[in-house]
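Structural characterization, general
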Amino acid sequence: MSLDKPIRICVLKMGAIGSAVLLEYILDERAERKDVEVRVYSTGAKLFSEDYGRELAEKALSEEYDLYIVVSPNATLPGPTKARETLREKGKPVIVISDSPVKKIKDELKEKGFGYIIVTADSMIGARKEFLDPTEMALYNSDVIKVLAVTGVYRLIQKEIARIVDALKKGGKPELPHIVVKKENAIETAMFKNPYARAKAMAAFEIARRVADLTTEGCFKIKEREKYIPVVAAAHEMMRVAARLADEAREIEKSNDTVVRTPHDSKGNVLYKEKLLEKPGSA
């Protein structure tokens with residue numbers, strides 16, 4: 001496929017997780033690529049209703065796309081489920097990006113022909129009205145974003161989508177990802193050079209992953225207000241610590257001048273560099 005006919009990617013967002021916030025920008029970080037076009041459709045925070053999922057998918061299907069990505073918290077819920085099922089009728093590749101609850105349906109997703117990337121560190125927010133306001137929501141997501149960026153999750157998503165785009169450019173049928181993102185494959189993709197930086201990033205990932213244990217408990221299991229508020233607050237403190245560890249890991253790599261960067265060029269090739277002052281080359 002020539003560059004005068006770019007690959008068209010449609011991102012459908014339902015609700016907010018860290019993987020969703022900057023997803024379209026991961027694919028074209030300087031708005032320079034000529035080989036892809038990305039469009040985003042969203043229901044905002046709403047994701048529980050089948051009607052929302054159907055309407056969102058139908059809007060996306062009003063134009064022609066080569067790849068669909070449905071990103072949401074807990075893709076087992078009615079909204080994301082209906083969205084992907086509606087898209088599947090189009091016969092185009094569909095990838096689900098979501099968090100840990102989706103592990104219980106990953107085999108079903110694969111059998112039905114969906115790709116998936118399940119990000120276990122993209123933990124649920126502490127959604128209690130006595131605790132969560134717009135400011136707290138924004139701060140929590142900023143911490144999640146830092147953890148996912150530093151520990152290699154965003155780069156792993158970048159790598160998988162690049163692989164699919166390359167296959168589509170050649171006119172082939174892409175092999176969709178079936179990946180559960182854990183500390184091992186995330187940290188490997190982050191390509192740390194310093195072992196202490198790697199260890200700090202691994203700790204950040206694991207703390208972030210375990211945040212969901214507390215937020216699930218505080219949001220769904222504990223009924224007494226005086227008990228669930230400290231639990232969800234503790235979960236947010238854990239994510240804050242995870243973000244600090246991630247920041248420390250990157251600072252170590254910066255001090256050694258070994259920060260790996262993988263920018264796209266205008267043709268969509270993923271380049272590689274380590275030294276700050278060197279020019280990126282072929283990966």
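Everything quoted here is computed from the prediction, not taken from an experiment. (Residues numbered from 1 in each chain as written. Predicted model: local features only at pLDDT ≥ 70, side-chain atom pairs only at ≥ 80, totals over all residues. Heavy atoms only, no water.)

Quick look at the sheet that holds strand S4 (residues 94-98)
Pairing within the open sheet is parallel, and its six strands lie in the order S2-S1-S3-S4-S5-S6. In the strand order of this sheet, the two ends are held by strand S2 (36-42) and strand S6 (178-181), each with one partner. Strand after strand, the sheet turns through a mean of 15 degrees between neighbouring axes, direction not considered. Two strands pair when backbone bridges link them, and S4 and strand S5 (residues 115-119) are joined in this way by four bridges, in the parallel orientation. The residue of S5 that forms the bridge with Ile95 is Gly115. Contacts between helix H3 (residues 50-60) and the sheet are confined to strand S1 (7-13), S2 and strand S3 (67-71), with S1 contributing the most and set at about 165 degrees to the helix. (Pairing = 2+ DSSP bridges. Helix = DSSP H or I, 4+ residues; strand = E, 2+ residues; numbered from the N terminus. Axes fitted to C-alpha atoms, helices over the stretch in contact; angles between N-to-C directions. Contact = heavy atoms within 4.5 Å.)

Some thoughts on the packing of aromatic side chains
Throughout the structure, instances matching the rule amount to two aromatic pairs. Judged by centre distance (6.4 Å) and plane angle (85 degrees), the ring pair of Tyr41 and Tyr65 falls under edge-to-face. Of this pair, Tyr41 sits in strand S2 while Tyr65 sits in the loop between H3 and S3, and the two are 24 residues apart along the sequence. Of the residues examined, Tyr41 reaches a relative accessible area of 15% and is grouped as buried. (Phe/Tyr/Trp six-rings, centres within 6.5 Å; stacked < 30°, edge-to-face > 60°. Buried < 20%, exposed > 50% of the residue type's maximum accessible area, 1.4 Å probe, protein only.)

Describing the side chain of His236
Mapped onto the secondary structure, His236 falls in helix H10 (residues 225-255). Assessed through its relative accessible area of 5%, His236 is described here as buried.

Concerning the pattern of salt bridges
By the definition in use, this model includes 24 salt bridges. Salt bridges linked by common partners bring Arg8, Glu37, Arg39 and Glu63 together as one network. (Salt bridge = Lys/Arg side-chain N within 4 Å of Asp/Glu carboxyl O.)

Quick word on the nonpolar core
Residues Ile9, Leu23, Ile161 and Val181 are the most contacted members of the largest nonpolar core, which totals 52 residues. No other element matches the eight residues that helix H7 (residues 153-169) contributes to this core. Setting aside its immediate chain neighbours within four residues, Ile161 contacts Ile9, Leu23, Leu27, Leu67 and Ile69. Grouped together as the second largest cluster of nonpolar side chains are 24 residues, Leu47, Leu56, Ala75 and Leu87 included. (Core = buried A, V, L, I, M, F, W, Y, C linked by side-chain atoms within 4.5 Å.)

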